[in-house]
Amino acid sequence: MKNNVKIKNAVLIVLSVLNLIVSVIYVFNLPKTVPVHFNMNWECDSIGSRWVGLVVPFICMLMVPFMNWSAKNMKNADDNKKPMNIIGTVITGFLIVLNWFVLSVMGSGAAIGERIDGFEWVLILAFGVLFVVLGNYMPTVRQNDMLGIRIPCTLNNEKCWNATHRFSGKLYVVFGLLSIIAAFVLKITNVEETMIYVLPLLMIIMFTVVGIIPIIYAVKHKND
């Protein structure tokens, strides 16, 4: 088991380093200034340095060492090894997808006020897959101070922690599946105008699912 984890971590580190190297080559071949920010209508509203594109790949490269450190120093470390390894792998993969989404947008050549199309569904799909995987492993996370719904209600009551994470896991999976379906529908129908409303709505729902509903559930069940 330990050898499998070491091999997996080594593969992730190699992929992260290769991702950084290829990203550097890609960024080096971009113009010195590129589109770096878009409004809700996907119209470019800011131009900046091409080197901004290396922020995500650097974060990605640090993810595996950080997750390994967290797994060793968290409460109930032995019980949380498997979910930490899986979650770390998925987040690394998500960051690589996010990295190339950002670089593709930066390489679009959009000028101030110019709108781009055809990128949004990829981000929605990536978020959907991320939440489906996280939702499947949320119920296996044991009490700790680094990962999960960490509020007084759950940290002080193991039953509340377990119930909240079982509930949150189902919530994450449902949100993830709906996001995946939405991504494919938007891709197939290619209704560009819809994106203006879909992305803000998706972000609002995501923050509600992640931050508000699980807390309400935990507070409601804190004395169970």
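Everything here concerns the structure above.
Counting from 1, residues in each chain are numbered in the order their sequence is written. This being a predicted model, a pLDDT of at least 70 is required before a residue's local features are given, and a value of 80 or more before pairs of side-chain atoms are given or counted; all residues contribute to the totals for chains, interfaces and linings. As a convention, hydrogens and water are excluded, and side-chain values are obtained from all of the structure's heavy atoms.

### Regarding the overall build of the protein chain
To keep things clear, this is the line we draw: Segments assigned H or I by DSSP are reported as helices when at least four residues long, segments assigned E as strands when at least two residues long, and all are numbered from the N terminus. Note on definitions: a residue-residue contact is assigned when non-hydrogen atoms from the two residues lie within 4.5 Å. Each accessible area is a Shrake-Rupley estimate made with a 1.4 Å probe; only the visible protein chains count as cover when residues are assessed.
A tally of regular secondary structure across the protein chain gives seven helices and two strands. Dimensions of the protein chain, computed from C-alpha atoms along their principal axes, come out at roughly 55 × 40 × 30 Å. Contacts in the protein chain between residues far apart in sequence, at least 24 positions, make up 72% of those at least 6 positions apart. Accessible area of the protein chain: about 12,200 Å², with a carbon and sulfur share of 69%.

### Focus: the packing of aromatic side chains
Let me state the cut-off plainly: Pairing of aromatic rings covers Phe, Tyr and the six-membered ring of Trp, with a centre-to-centre limit of 6.5 Å; geometry is then stacked below 30 degrees between planes, edge-to-face above 60, and tilted otherwise. Between buried and exposed lies partly exposed: a residue is buried under 20% and exposed over 50% of the maximum accessible area for its type, with that area taken using a 1.4 Å probe on protein chains only.
All chains considered together, the criterion is met by five aromatic pairs. Arranged with centres 4.9 Å apart and planes meeting at 75°, the rings of Phe131 and Phe175 form a pair that is edge-to-face. Remark: Phe175 occurs in helix H6 (residues 158–189) and Phe131 occurs in helix H4 (residues 120–137); sequence separation between them is 44 residues. Each of the two residues, Phe131 as well as Phe175, counts as buried. Ring plane angle 5° and centroid distance 4.2 Å describe the contact between Phe167 and Tyr217, whose orientation is recorded as stacked. You can see Phe167 sitting in helix H6 and its partner Tyr217 sitting in helix H7 (residues 195–220), a full 50 residues away along the chain.

### Quick word on a nonpolar patch on the surface
Counted only if it meets this: Residues with no salt bridge and a relative accessible area higher than 30% make up the patches, which join like charges within 9 Å and nonpolar side chains (Val, Leu, Ile, Met, Phe, Trp, Tyr) within 5 Å. Salt bridge, as used here, is a side-chain nitrogen of Lys or Arg placed within 4 Å of a carboxyl oxygen of Asp or Glu.
Nonpolar side chains collect at one region of the surface, where Ile7, Val11, Ile13, Val14, Leu15, Val17, Leu18, Ile21 and Ile25 lie side by side and expose about 750 Å² of accessible area between them. Mapping Ile25 onto the fold places it in helix H1 (residues 2–28).

### Thoughts on helix H2 (residues 55–73)
Operational definition: Expected helix span is computed as 1.5 Å times (number of residues minus one). Bend at a residue means the angle formed by two fitted axes: the first through the 7 residues ending at that position, the second through the 7 residues beginning there.
The end-to-end C-alpha separation of H2 is 26 Å, in line with the 27 Å expected for 19 residues at 1.5 Å each. Of all the bends in H2, the largest measures some 35° and sits at Met63, one to four residues before the proline Pro65. Looking only at H2, the buried set comprises Val56, Pro57, Cys60, Met63, Val64, Met67, Ser70 and Ala71.

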